[in-house]
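Descriptive analysis of the structure
The chain contents come next:
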Amino acid sequence: MPEPMPAEPIDERIAGGRLTIDLDALAANYRHLAKCAQPATCAAVVKADAYGCGIEPVVTKLTSVGCSTFFVAVPAEGARVRAAAPDANVYILNGLFPHAADYLIGHDLRPVLGSVVEIENWVAAAKTAGHALPCALNFDSGMNRLGLTIEELTRITSLPHLMDHLDIQLFMTHYACADDAGHPRTDLQKERFEQAATLLPGVACSAANSAADLQVAGHQFDMVRAGVAMYGGEALNHVANPMKAVATLEGRIIQIRKSKAGDAVGYGGSQTLIRDTRIAYVSVGYADGYHRAASNMGVPMRAVAPSVRAAFKGTAVPGIGRISMDLMAFDVTDIPENEIAAGDWLELFGPTIPVDDVARAAGTIGYELLTGLGARFARRYLGGAA
Ligand SMILES: *Cc1c(COP(=O)(O)O)cnc(C)c1O
């Protein structure tokens, strides 16, 4: 089979959208999260291409500010982290896939073992290698996702033929409701985790994601695993977001048109204009990961959906009508006509329009918007590591 041609990088001249990643803001957010974690260390979660921000530049920047442990979801992501950070500890959250042990060993990656079968397979790989191999153990403290039950953990820790071949570097769990500060389930999970940890004396513990790290003290243990907040997203519900925006998405205005009150705009004629309107059409759409569900219909689509907005030089402008595959429309009537023109950029999210506001308008969360961004943007990085 012929090798696929490597895609040419997309530069701004030919791009409908421009994604800017501010690595200095990322580093500032990391420092804030690391401070909240103290005396625990702060590891970085860089799964899903570092929440859409790019594994390599993100890992390089975080390494330069002192981060030495990274978490990804799957082995191929781990290999990219390993290449960018040769000395880091790299954990694979989704565990040990049945035939992946050689790959993990070859790239010096540590599985987060979440079932008895995974433990047995990692032990088998250790015996072949001739020495215990580093790993983390995942404990299900109540989320009912991945991880050992208390019964499994009790049994495993009593079996020397397994324990002697495991180099357990970390004992971890994950909270289901940490985004709601003070949720009673988090306290319950923490209690079960602390109880379970007594079976592994001396092993470092980790429970907190961004949200749990940002809550008052108590969840940090020895290591926190910071993700979304590092990228500027909202980790805690109903709390002002203290983080700096890292990702800014701008769409290029390709036309500005004048339409009349009473005209219907876009597919389905879903929104009827209530005034004469200047409409800016932007060359970004749902194929770029800007969810169609965020469309404005002029009437509320869902009971609580706030209307989606963009911003021109810091001034918010409302979205109009349905989002198309490659286009969307914004009402720029309130921007003086001589100040805005085709070719200009509209901020779709970033410092003026929080990514979580766009997500809310689409009925989802900032995580999904960031990790779903498409491949058609010109990407630029500010503040790269020296
Ligand atoms: C994704 C993930 C994190 C990071 O969560 P954020 O909410 O993005 O901070 C931490 N731990 C586990 C197990 C995860 O899957």
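Residue positions within a chain follow its written sequence, with the count starting from 1. Given that the model is predicted, a residue must reach a pLDDT of at least 70 before its local features are reported, and side-chain atom pairs must reach 80 or more before they are shown or counted; all residues, however, enter totals for whole chains, interfaces and linings. Computation of side-chain values: all heavy atoms of the structure, hydrogens and water removed.

1. Quick notes on the pattern of salt bridges
For this analysis, a salt bridge means a side-chain nitrogen from Lys or Arg found within 4 Å of a carboxyl oxygen belonging to Asp or Glu. All chains considered together, the criterion is met by 15 salt bridges. Here Asp-108 and Arg-82 are joined by a salt bridge, their closest N and O atoms 3.6 Å apart. Taken together, the residues span a long stretch of sequence, with Asp-108 in the loop between α5 (101–106) and β5 (110–113) and Arg-82 in helix α4 (residues 75–84) at a distance of 26 residues. Residue burial is assigned from relative accessible area. The probe radius is 1.4 Å, only protein chains are included, and a residue is buried under 20% of its type maximum, exposed over 50%, and partly exposed in between. A residue is classified by how much of its surface remains accessible, and Arg-82, at 11% relative accessible area, is buried. The partner of Glu-234 in a salt bridge is Arg-360, and the shortest N-O contact between them spans 3.0 Å. One end of the pair, Glu-234, is in the loop between β9 (223–226) and β10 (247–259); the other, Arg-360, is in helix α11 (residues 355–361), with 126 residues separating them in the sequence. Put simply, Glu-12, Arg-18, Glu-250 and Arg-380 are held in one network by salt bridges that share partners. A run of H or I in DSSP counts as a helix once it spans at least four residues, and a run of E counts as a strand once it spans at least two, with each numbered from the N terminus.

2. Observations concerning the pairing of strand β1 (residues 17–22)
On a regular strand, each side chain points to the face opposite its neighbour's, so the side chains alternate between the two faces of the sheet. Across the six residues that make up β1, a large majority, five, are buried. Any two strands with at least two DSSP-identified bridges between them are counted as paired. Here β1 runs beside β10; their pairing, made up of five bridges, is antiparallel. The residue bridging Thr-20 from the neighbouring strand is Thr-248, located in β10. Pairing of β1 with strand β18 (residues 378–382) involves five bridges; the strand directions are parallel. Paired with Asp-22 across the two strands is Leu-382, which belongs to β18.

3. Describing the packing of aromatic side chains
Two rings from Phe, Tyr or Trp (for Trp, the six-membered ring) form a pair when their centres sit within 6.5 Å of each other. Planes less than 30 degrees apart are called stacked, planes more than 60 degrees apart edge-to-face, and all others tilted. Counting across every chain of the model gives six aromatic pairs. Ring centres of Tyr-51 and Tyr-367 lie 6.1 Å apart, and the angle between their planes is 35°; this geometry places the pair in the tilted category. One end of the pair, Tyr-51, is in helix α2 (residues 47–51); the other, Tyr-367, is in helix α12 (residues 366–371), and 316 residues separate them in sequence. The class of Tyr-367 is partly exposed, set by a relative accessible area of 30%. Note on Phe-193 and Phe-221: the rings are 5.2 Å apart at their centroids and 90° apart in plane angle, and the pair reads as edge-to-face. Here Phe-221 lies in the loop between α10 (210–214) and β9 and Phe-193 lies in helix α9 (residues 184–197), a separation of 28 residues in the sequence. According to the relative accessible area criterion, Phe-221 is partly exposed, its value standing at 24%.

It is worth stressing that arrangement in space is one thing and function is another; only the former is reported here.
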